[in-house]
Amino acid sequence: MATAGKVIKCRAAVAWEPNAPLMMEEIEVAPPQEGEIRIKVVATGVCHTDLYHLFEGKDKRGFPTVLGHEGAGVVESVGPGVTDFKPGDKVIPLFLSQCGECKFCKCPKTNMCDCSWSSNYHDIMSDPTTRFTCRGQPILQFMGTSTFSEYTVINQIAVAKIVDDAPLDRVCLLGCGIATGYGAAVNTAGVTPGSVCAVFGLGAVGLAAVMGCKNAGASRIFAVDINEQKFEKAKVFGATDFLNPKAYDKPISEVLAELTNGGVDFSLECVGNTEVMRTALESCIKGWGVSVLVGWTDVKDFSAKPIQLISGKTWKGSLFGGFKSKDSVPNLVCDYMTGKIKLDEFITHKMSLEQVNDAINLMKTGDCIRCILNISK
């Protein structure tokens, strides 16, 4: 590539401060350093976690930043020491790294990685080291990725190489939301054939959890959301029953207990709301019920009565669906290509990078499952 080794000037949507619209800017993207890859971003999804950082987390130390962490693109150039990637490779950036060497990477029980930005900077959701500058100042790379930019630079331990015929404007969704919800069901919860499940929240993550429950063989899947317009979409992914908590004069956990003779076997909270987390736990059957926290939040404490756990329930959390990122994302792409998992059905809108604020507003109002931003040709 003619741009290899040079600073690239390109378009990016910069979040200069919390709770404010993103601004289209020309930024400078430095060449990749040791072990790094510079990627031309082709497409990216807009995820609730982007909105969380902008409107809920609002830690000013995490700004200015370029948001976006659900992208796919093509390798433009590689830094010294990179041997597994070459210019032209199709790739998916990963917000969760897999170095392969730390104690977490070597442990089959977890997908954590000591080298991830989240190990030390989960509060600001960025590593202070960045290859971006704009108007003479450093711009943080959100979750180590920053896919709301035409180019980004990422360490090779946080990039997955995928098959050449994968459509980037669809498989980009496997960089976060769909892998997160799907894996929470099949990996973290460990949904079993014939079981009864409840999924709270029917955004992209929740719908992916429904798909995971279905693929794992659940016999009954309750889709729970206060927006009944999402029920038809949930049916596409395998939901069998539909509940709007606002339609009842009693807690939805009690409704579920009555409908299932004591509670569901597995529940998944895909909202990021601490009250819903408690409700999801209380909706599980005693003795063996498993409830999984999937929705991202770090601004409030959560609580429950100890008897909920003493009675034999299990409460667990899931990050990126429990998938070891570099190993699993290429396999998930192949699962999509062979029809094992759905992606197209999640996409409700397509826009340009310049329309990013419109896409964010659609996500805020719940009128969008996933919007794909076309970043580059």
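Owing to the predicted nature of the structure, the values given are computational and were not obtained by experimental measurement.

Asks: Please give an account of the sheet that holds strand β11 (residues 196-200) that cites residues and values.
Replies: Pairing between the strands of a sheet is mediated by backbone hydrogen bonds and can be parallel or antiparallel. What the 6 strands build is an open sheet, ordered β13-β12-β11-β14-β15-β16; its pairing is parallel. In the strand order of this sheet, the two ends are held by β13 (241-243) and β16 (314-317), each with one partner. Averaged over neighbouring strand pairs, the angle between their axes works out to 20 degrees when direction is ignored. Sheet topology places β11 next to strand β14 (residues 266-269); 4 bridges connect them, and they run parallel. Bridging across to β14, Val-199 finds its partner in Leu-268.

Asks: Explain helix α10 (residues 325-337) residue by residue, including any values.
Replies: In an α-helix, one turn spans 3.6 residues; hence positions three or four apart end up facing the same way. The terminal C-alpha atoms of α10 lie 18 Å apart, and with 13 residues this matches the ideal 18 Å at 1.5 Å per residue to within 8%. Regarding α10, the residues found buried are Ser-325, Ser-328, Val-329, Pro-330, Leu-332, Val-333, Asp-335 and Tyr-336. Of the surrounding elements, those touching the buried residues of α10 are β6 (90-93), β10 (159-161), α3 (168-171) and α4 (177-189). One or two residues past the end of α10 sits Gly-339, with phi positive at roughly 90 degrees.

Asks: Lay out the sheet that holds strand β4 (residues 65-66) with the relevant residues and their values.
Replies: The 5 strands are arranged β1-β2-β7-β8-β4 in a closed barrel whose pairing can be described as mixed. Note that strand β2 (residues 23-29) and strand β7 (residues 126-134) share 2 bridges and pair antiparallel. In the sheet register, Glu-28 faces β7, and the bridge partner there is Thr-133.

Asks: So, the packing of helix α1 (residues 48-57) against helix α11 (residues 356-365): which residues are in play, and what are the values?
Replies: A pair of packed helices is captured by two measures, namely the crossing angle of their axes and the spacing between those axes. Where α1 contacts α11, the two axes come as close as 10 Å, and the packing angle between them is 95 degrees. Between α1 and α11, the angle is such that the two are roughly perpendicular. The segment α1 lies against α11, with His-48, Leu-51, Leu-54 and Phe-55 engaging Ile-360, Met-363 and Lys-364. A breakdown of the residues in the contact of α1 with α11 according to their chemical character gives 5 nonpolar, 1 polar and 1 charged.

Asks: Please provide a residue-by-residue account of the side chain of Glu-150, values included.
Replies: Relative to the elements of secondary structure, Glu-150 occurs in the loop between β8 (137-142) and β9 (151-155). Judged by relative accessible area, which is 17%, Glu-150 ranks as buried. Among the polar contacts made by the side chain of Glu-150, one reaches the main-chain amide nitrogen of Arg-11 at a distance of 2.7 Å. Those residues in contact with Glu-150, other than ones at most four positions away along the chain, are Cys-10, Arg-11, Ile-39, Lys-40, Val-41, Ile-375 and Ser-376.

Asks: I'd love a proper account of the nonpolar core, names of residues and values included.
Replies: Among the nonpolar cores identified, the biggest contains 109 residues, and Phe-148, Val-171, Leu-268, Phe-346 and Leu-373 are the most heavily contacted of them. For this core, the leading source of residues is helix α5 (residues 204-215), giving 8 residues. Counting residues in each nonpolar core, the second largest holds 12 residues, with Phe-200, Leu-256, Val-264 and Ala-280 among its members.

Asks: Which residues make up the layout of surface pockets, and what are the values?
Replies: Approximately 370 Å³ is the volume attributed to the second largest pocket. Lining the second largest pocket are 19 residues; nearest its centre among them are Asp-127, Thr-129, Gly-144, Ile-154 and Asn-155. Elements with a minimum of two residues in the lining of the second largest pocket: β7 and β9. Looking at the lining of the second largest pocket, the element that brings in the most residues is β7, giving 4 residues. Looking at side-chain class alone, the lining of the second largest pocket contains 9 nonpolar, 7 polar and 3 charged residues.

Asks: Quick one: what's the story with the pairing of β2, residue by residue and with numbers?
Replies: When strand β1 (residues 8-15) meets β2, the two strands line up antiparallel, connected through 7 bridges. Bridging across to β2, Ala-13 finds its partner in Met-24.

Asks: I'd like to hear about the environment of Ala-204, residue by residue, with values.
Replies: With respect to the helices and strands, Ala-204 occurs in helix α5. A relative accessible area of 3% means that Ala-204 is categorised as buried. When residues no more than four places from it in sequence are discounted, the contact partners of Ala-204 are Ile-178, Phe-346, Ile-369 and Arg-370.

Asks: Lay out the packing of aromatic side chains with the relevant residues and their values.
Replies: Across all of its chains, the model carries 4 aromatic pairs by this definition. Just above the ring of Phe-85 sits the side chain of Lys-161; from NZ or CZ to the centre is 5.9 Å.

Asks: Break down the packing of α4 against α5 for me, with residues and values.
Replies: Axis separation between α4 and α5 bottoms out at 7 Å; the angle between their running directions is 40 degrees. In terms of orientation, α4 and α5 fall into the oblique class. Relative to α5, α4 is oriented so that their crossing is right-handed. Residues Gly-177, Ile-178, Thr-180, Gly-181, Tyr-182, Ala-185 and Val-186 of α4 form the contact with α5, whose participating residues are Ala-204, Val-205, Ala-208, Ala-209, Met-211, Gly-212, Cys-213 and Asn-215. For the contact of α4 with α5, a count of residues per class yields 10 nonpolar, 5 polar and no charged.

Criteria and cut-off values
Residues numbered from 1 in each chain as written. Predicted model: local features only at pLDDT ≥ 70, side-chain atom pairs only at ≥ 80, totals over all residues. Heavy atoms only, no water. Pairing = 2+ DSSP bridges. Helix = DSSP H or I, 4+ residues; strand = E, 2+ residues; numbered from the N terminus. Axes fitted to C-alpha atoms, helices over the stretch in contact; angles between N-to-C directions. Expected span 1.5 Å × (residues − 1). Buried < 20%, exposed > 50% of the residue type's maximum accessible area, 1.4 Å probe, protein only. Contact = heavy atoms within 4.5 Å. Parallel < 35°, antiparallel > 145°, perpendicular 65-115°, else oblique. Nonpolar A, V, L, I, M, F, W, Y, C, P; charged D, E, K, R; others polar. Polar contact = N/O pair within 3.5 Å; in protein donor to acceptor, adjacent residues only side chain to side chain. Core = buried A, V, L, I, M, F, W, Y, C linked by side-chain atoms within 4.5 Å. 1 Å grid on protein atoms, 1.4 Å probe; cavity = no way out; pocket = protein on both sides within 12 Å on 5 of 7 lines; lining within 4 Å. Points joined across faces, edges and corners; volume = space filled by probe spheres on them. Phe/Tyr/Trp six-rings, centres within 6.5 Å; stacked < 30°, edge-to-face > 60°. Lys NZ or Arg CZ within 6 Å of the ring centre and 35° of its normal. Left-handed = near helix turned anticlockwise from the far one by under 90°.

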